[in-house]
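Fold and geometry: a report
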Amino acid sequence: MKRRWIIELTLILICFGQMVTAAPRLSLTADEPVYIAAGYAYLHTGDLRLQSSVQHPPLVNVWEAWPLLLRPDTPDVNMIAGWGKAELSRFIIALLPQLGPIQATAFATRVPVMWLTLLLAVVVYRWAAERGGRIAGMVALGLFAFDPNLLAHGSLATTDLGVTALTFITMYGLMRFLQRPTWGVFFLVGVGLGLTMTAKTSGILLVVAIALIILASTRRLLRSTTCLAGLVAMACMVVWAVMGFELCAPDGWPIPLPAATYWLQVADFGHKSAGGQTAFLMGQLGQHGWWYYYPIAFALKTPLPTIILLVISLVWSIKSDKGKAEKGKWATLGVFPILYSIGALLSSFNTGYRFLLPVLPFLFVFIGVQISNFKFQIPDSRFQIPNSKQGKPVTWSLGHLVNWSPGHLVTWSLCLLVSALFVWYIFSAALTFPHYLAYFNETIGGADHGYKWLVDSNLDWGQEFIELGQYAQAHNITQIKVSQYTLVDAAMYGVNTIPIAPSRQAPPVFPARFDPAPGIYAISATTLQGVMMADPYNYEWFRHKQPAAKLGHALFVYDVPLRTQPPEWVAQCTQPTTPLTLQVIAEGFGRADLRLAFFDCTTSWLIPAGGRSPGWYALHRNVASAGDRFIKDQLDGMRLSYEQRMNQALPAFVMYEWNSAQTAPLAEMEKQAQAAPADWVPALSQTPSPSLTAPIQLDGPLTFLGYRLSSTEANDIVELWTIWQVYTTTTRPLSIMAHLIGSDGIPIAVGDGLGVPVEQWQNSDVIIQRHRLALPESAPPGTYWLQTGVYWLDTLERHSIASDQQAVSDRLILTTVEVKP
């Protein structure tokens, strides 16, 4: 008899072993202190004053907190700061240190959830075994025991596993009641429904599923309505009991209401489900969610073997004769997950994969039952093996594995696919131990890439402080700047920290966010992606920097070194608008001594100090992403250091960092040009003289450095870039000339201009001027000459070019362009 259950017991022990070894290695997550504090306060006082802030009924909170009462020196709730005015955050911060060592508190409150998880595992096995035999039970239990999402939440003192377990157990009881109605089972279903409703506010959704199942299970409307009313009435009594038989009148109500706090929580749950909350999905931030949020979360965080087995099971159930015959028996197993999934699609409240946990046990039972129905077949026949005891041939199915023996070699092929998937399943989950919360499947490369798709409780819930302390010790780090949205202070785990946003002890906007101060930073994936932040782009600079380490796949450590050469300038493109105000620049860089320059990046480009000093370029995001070759070539090689993707108080913009060690964007420019006098005509003299090599000093503030031509052949537009360096500053307006002239010396296309105002110039600045010369349709095919130069706008006088200290020209002939027919 003992050997009969050894596999099942082993699976349950493995499940427990994974949770009990993972839990001590995880710091308290964001929601755990809330539930622990609320449960502890309710156990001590019977007062529900904190529950409005908790937003969930107290049942699971109490279940988690009761081990704390075993301490001989439990703190008095009435003496803890924040209790009098029901200030939950203040109460939590004051309570936690008084409960003793933080990890002892965490483990003690997590163990009851582990017990509840094991109870759920047993019921999953029982339901599957009743429907499909022992093999069905073992498959379902195996899927349960190694599922990283259930293991993650089964190791935490939160409400998600509690509502999952009670929902499934109640539905199992309903299934038994519908099969064989008895008063005892009826009573257990009613109590289970009430407990589910008080496990978590979303537990009230179970009422809808039970109502549909009961009303559809019999044609006698009166009988089914009476049964449903009895269950709901019993559940409401349980709710009232759990809420301490509270009887009070909510604001605006004329009469007292039993369990008033609970019904207010339910109303608030409905309001928030409709109103949504800030969520992150695939690089986007949204307040009202996406209908495809939960399908994507399911696809990315459910192990691929589970998805494959689910698809196979669905196909098998549709095609199988046995599946068709039993469709009417799947109501209790299928109605709730279907309704729940529809609700998830319609919800604008995207809380994370944990919202889908109540569906998983139903899926495991379904998969187990369908797999147990598989039969091995070869074309047009089944394997038939003589039965030595009865002398009759029998057909072998997976269910016969219970009585497997070495002589039954045919069963090997039967279990090959399922076995391979289970090996993959176990190995995939084991790779993320103990950080099951951060599990992502192989479709996106695993847990290390999860932060690009989903954050918050899908990945990062504040569970990495223990690992952060170990990292600091191993690398002799004495102080770390930490960004985490939990109420737990990393200092409680022995980490010397400086809190930064969104900590209440820090400014809501991260200082010098465009150029962070030197130091070691630990930034959670959630705040990195802008969730829980006053400004979602607070840590955008870090998003474009490679972290030194990823702790628990979710807490990123950055080493920001001291700059050997501090940046000296910020140059902004003014098209279509200047992105940064003077105040934002001072705050964002934490400096007031930066040189500020402005230019029209669609027509010109400014390189302050000729590129010898580092600095930043700021451009409107639409301009930077438009694909303009001129802008793209200037930015090529620079590091994108900041990107605000949405319009907020500032327009969407990008920021690139120029490093003085970089080569200039136009290092491959042409430097040869020929000086041409004012009366030079190509038809009379094909080659002007003399020939000069840049740099060429003009009689004015600019020196010619070279040029770059898009093509020497043109049909519509010739694009020329001329490069100049400021020799001396001026306040006199001028323009840079670019003409395409014919053999008669007359221009057929003009592209004069200057996109960097002279007031912005400083000595040694480099200006790249973009000239677009549109050819007229009347231009005959042939050879044309490109000329450039500089002239004063007030007098149109051209700047002369000297050779051997004598003025020989007022223009430079660069090259020829062929216009084809």
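Residues numbered from 1 in each chain as written. Predicted model: local features only at pLDDT ≥ 70, side-chain atom pairs only at ≥ 80, totals over all residues. Heavy atoms only, no water.

**Overview of the overall build of the protein chain**
So the rule is basically this: Helix and strand assignments follow DSSP, with helices taken as H or I runs no shorter than four residues and strands as E runs no shorter than two, numbered in order from the N terminus. Each radius of gyration reported is based on C-alpha atoms, and the globular scaling rule is 2.2 Å times the count of residues to the power 0.38. The cut-offs for exposure are 20% and 50% of the maximum accessible area for each residue type, with area from a 1.4 Å probe on protein chains only; residues under the lower value are buried, those over the upper are exposed, and the others partly exposed. Note on contacts: a residue pair is in contact if any heavy atoms of the two residues lie within 4.5 Å. All accessible-area figures derive from a Shrake-Rupley calculation using a 1.4 Å probe, and residue coverage is judged against the displayed protein chains alone.
Assigned secondary structure in the protein chain consists of 25 helices and 32 strands. For the protein chain, the C-alpha radius of gyration of 36 Å lies well beyond 28 Å, the compact-globule estimate for 821 residues. Projected onto its principal axes, the C-alpha coordinates of the protein chain cover approximately 115 × 80 × 55 Å. Across the 821 residues of the protein chain, 54% fall into the buried class. Within the protein chain, contacts between residues separated by at least 24 positions form 72% of all contacts whose residues are at least 6 apart in sequence. Of the roughly 35600 Å² that the protein chain leaves accessible, carbon and sulfur atoms contribute 59%.

**Notes on the sheet that holds strand S11 (residues 519-524)**
For the record, the criterion: DSSP calls a pair of strands paired once it identifies at least 2 bridges connecting them. Axis definition: a line fitted to C-alpha atoms, over the contacting stretch in the case of helices. Angles run 0 to 180 degrees between N-to-C directions.
Read across the sheet, five strands follow the order S10-S9-S11-S13-S12 without closing on themselves; strand pairing throughout is mixed. What marks the edges here is a single partner per strand, and that holds for strand S10 (497-499) and strand S12 (549-551). Averaged over all adjacent pairs, the angle separating strand axes in this sheet is 25°, with direction ignored. Examined bridge by bridge, S11 and strand S13 (residues 555-560) share six bridges and lie antiparallel to one another. Bridge pairing links Tyr 521 to Tyr 558 in S13.

**Quick notes on unusual backbone geometry**
Of the consecutive residues Phe 433 and Pro 434, the connecting peptide bond is found in the cis state with omega at 0°. Structurally, the position occupied by Pro 434 is in the loop between helix H19 (410-430) and helix H20 (465-474). In this structure, Pro 502 follows Ala 501 across a cis peptide bond, with omega equal to 15°. For Pro 502, the location among the structural elements is in the loop between S10 and S11. In the Ramachandran plot, Gln 55 falls in the positive-phi region, its phi being about 75° despite a non-glycine side chain. Relative to the elements of secondary structure, Gln 55 occurs in the loop between helix H3 (51-54) and helix H4 (59-65). Classification of Gln 55 as partly exposed rests on a relative accessible area of 31%.

**Side note on the environment of Gln 725**
Defined as follows: Polar contact is the term for a pair of N or O atoms within 3.5 Å; when the atoms are in protein, one must be able to donate a hydrogen and the other to accept it, and sequence-neighboring residues count only if both atoms are side-chain atoms.
Among the secondary structure elements, Gln 725 is positioned in strand S25 (residues 717-726). The spatial distance from the C-alpha of Gln 725 to the C-alpha of Leu 705 is 6.8 Å, given a sequence separation of 20 residues. Every residue in contact with Gln 725, bar those within four places of it in the chain, is listed here: Gly 610, Arg 612, Pro 701, Leu 702, Thr 703, Leu 705, Ser 764, Asp 765 and Val 766. A polar contact of 2.9 Å, which involves the side chain of Gln 725, links it to the backbone oxygen of Ser 764.

**What to know about the pairing of strand S17 (residues 615-620)**
S17 sits mainly inside the fold: six of its six residues count as buried. The two faces of S17 match: Gly 615, Tyr 617 and Leu 619 on one face and Trp 616, Ala 618 and His 620 on the other face are all buried. Note that strand S14 (residues 569-573) and S17 share four bridges and pair parallel. Within S17, the position partnered with Val 570 by the bridge is Trp 616. Pairing geometry for S17 and strand S19 (residues 653-658), over six bridges, is antiparallel. Note that in S19 the partner of His 620 across the bridge is Phe 653.

**A short note on the packing of aromatic side chains**
Worth spelling out the cut-off: Note on aromatic contacts: the rings of Phe and Tyr and the six-membered ring of Trp form a pair at centre separations within 6.5 Å, being stacked when their planes are under 30 degrees apart, edge-to-face when over 60 apart, and tilted otherwise. In this scheme, the term charge over a ring applies when either NZ of a lysine or CZ of an arginine sits within 6 Å of the ring centre and within 35 degrees of the ring normal.
Evaluation of the coordinates by the stated rule reveals 43 aromatic pairs. Ring centres of Tyr 293 and Tyr 294 lie 5.1 Å apart, and the angle between their planes is 85°; this geometry places the pair in the edge-to-face category. Note on Tyr 293: relative accessible area 2%, which makes it buried. The exposure class assigned to Tyr 294 is buried, which follows from its relative accessible area of 2%. Of the aromatic side chains, those joined through ring pairs into one cluster are Trp 127, Phe 168, Tyr 172, Trp 290, Tyr 293, Tyr 294, Phe 336, Tyr 340, Phe 355 and Phe 362. If you follow Lys 301 out to its NZ or CZ, it ends over the ring of Phe 440, 4.6 Å from the centre.

**A few points about the packing of helix H7 (residues 134-145) against helix H18 (residues 360-372)**
This is how it is decided: An angle counts as roughly parallel when it lies under 35 degrees, as roughly antiparallel when it exceeds 145, as roughly perpendicular when it falls between 65 and 115, and as oblique in every other case. In this scheme the handedness of a crossing depends on how the near helix is turned from the far one: anticlockwise by less than a right angle means left-handed, clockwise means right-handed. Only Asp, Glu, Lys and Arg are considered charged, only Ala, Val, Leu, Ile, Met, Phe, Trp, Tyr, Cys and Pro nonpolar, and every remaining residue, Gly among them, polar.
Packing of H7 against H18 leaves a shortest axis separation of 7 Å and a crossing angle of 140°. Looking at the two axes, H7 sits oblique to H18. Once H7 is placed against H18, the crossing between them reads as right-handed. The segment H7 lies against H18, with Ile 135, Ala 136, Val 139, Ala 140, Leu 143 and Phe 144 engaging Phe 364, Val 365, Ile 367, Gly 368, Val 369, Ile 371 and Ser 372. Of the residues that constitute the contact of H7 with H18, the class distribution is eleven nonpolar, two polar and no charged.

**Topic: the packing of helix H10 (residues 183-199) against helix H11 (residues 205-217)**
The interhelical angle for the contact between H10 and H11, taken along N-to-C directions, is 150°, at an axis separation of 9 Å. Comparing their axes, H11 and H10 come out roughly antiparallel. On H11, the residues that touch Leu 193, Thr 196 and Met 197 of H10 are Leu 206, Val 207 and Ile 210.

**With respect to the pattern of salt bridges**
Note the threshold: A side-chain nitrogen of Lys or Arg and a carboxyl oxygen of Asp or Glu constitute a salt bridge if their distance falls within 4 Å.
A complete count under the given rule lists 26 salt bridges for this structure. A salt bridge links Arg 110 to Glu 32, with the shortest nitrogen-to-oxygen separation between them at 2.8 Å. Here the residue Arg 110 occupies a position in helix H6 (residues 102-132), and Glu 32 occupies one in helix H2 (residues 32-45), the gap between them amounting to 78 residues. Across the pair, Glu 32 and Arg 110 agree in class, each one buried.

**Some remarks on the nonpolar core**
Our working rule: By convention a nonpolar core is built from buried Ala, Val, Leu, Ile, Met, Phe, Trp, Tyr and Cys residues, the set being connected through side-chain atoms within 4.5 Å.
Of all hydrophobic cores here, the largest spans 141 residues; its most connected members are Trp 127, Met 171, Ile 210, Phe 364, Tyr 539, Phe 542 and Leu 580. Sequence-distant contacts of Tyr 539, that is, excluding residues within four places in its chain, are made with Ser 483, Ile 500, Ala 501, Phe 510, Ile 523, Thr 527, Leu 528 and Met 533. Counting 59 residues, the second largest nonpolar core, distinct from the first, contains Trp 569, Leu 709, Val 758 and Trp 792.

**Looking at the state of the cysteines**
By definition, a disulfide links the sulfur atoms of two cysteine residues through a covalent bond. Note the threshold: Note on terminology: disulfide denotes any pair of cysteine sulfur atoms within 2.5 Å.
All chains considered together, the criterion is met by one disulfide. Paired through a disulfide, Cys 573 and Cys 601 show a sulfur-sulfur distance of 2.1 Å. Across the S-S bond linking Cys 573 and Cys 601, the dihedral sits near -65°, which makes this disulfide left-handed. Of this pair, Cys 573 sits in strand S14 while Cys 601 sits in the loop between strand S15 (595-599) and strand S16 (604-607), and the two are 28 residues apart along the sequence. Taking the relative accessible area as the measure of exposure, Cys 573 reaches 0% and is therefore buried. What makes Cys 601 buried here is its relative accessible area of 0%. Not engaged in a disulfide, the cysteine Cys 227 finds its nearest cysteine sulfur in Cys 236; these two sulfurs lie 15 Å apart.

**Overview of the confidence of the model for the protein chain**
Which entries qualify depends on this criterion: A residue's pLDDT is simply how confident the predictor is in it, with values from 0 to 100.
On average, residues of the protein chain score 89 in pLDDT, and 91% of them reach the 70 mark or higher. In the model of the protein chain, strand S5 (residues 377-378) stands out as the element of lowest mean pLDDT, 36, in contrast to S13, which has the highest, 98. Segment residues 376-394 is flagged for pLDDT under 50; beyond a separation of four residues in sequence, or across chains, it makes 27 contacts in the model. Scored below 50 in pLDDT, residues 398-411 shows 22 contacts in the model against residues more than four places distant or in partner chains.

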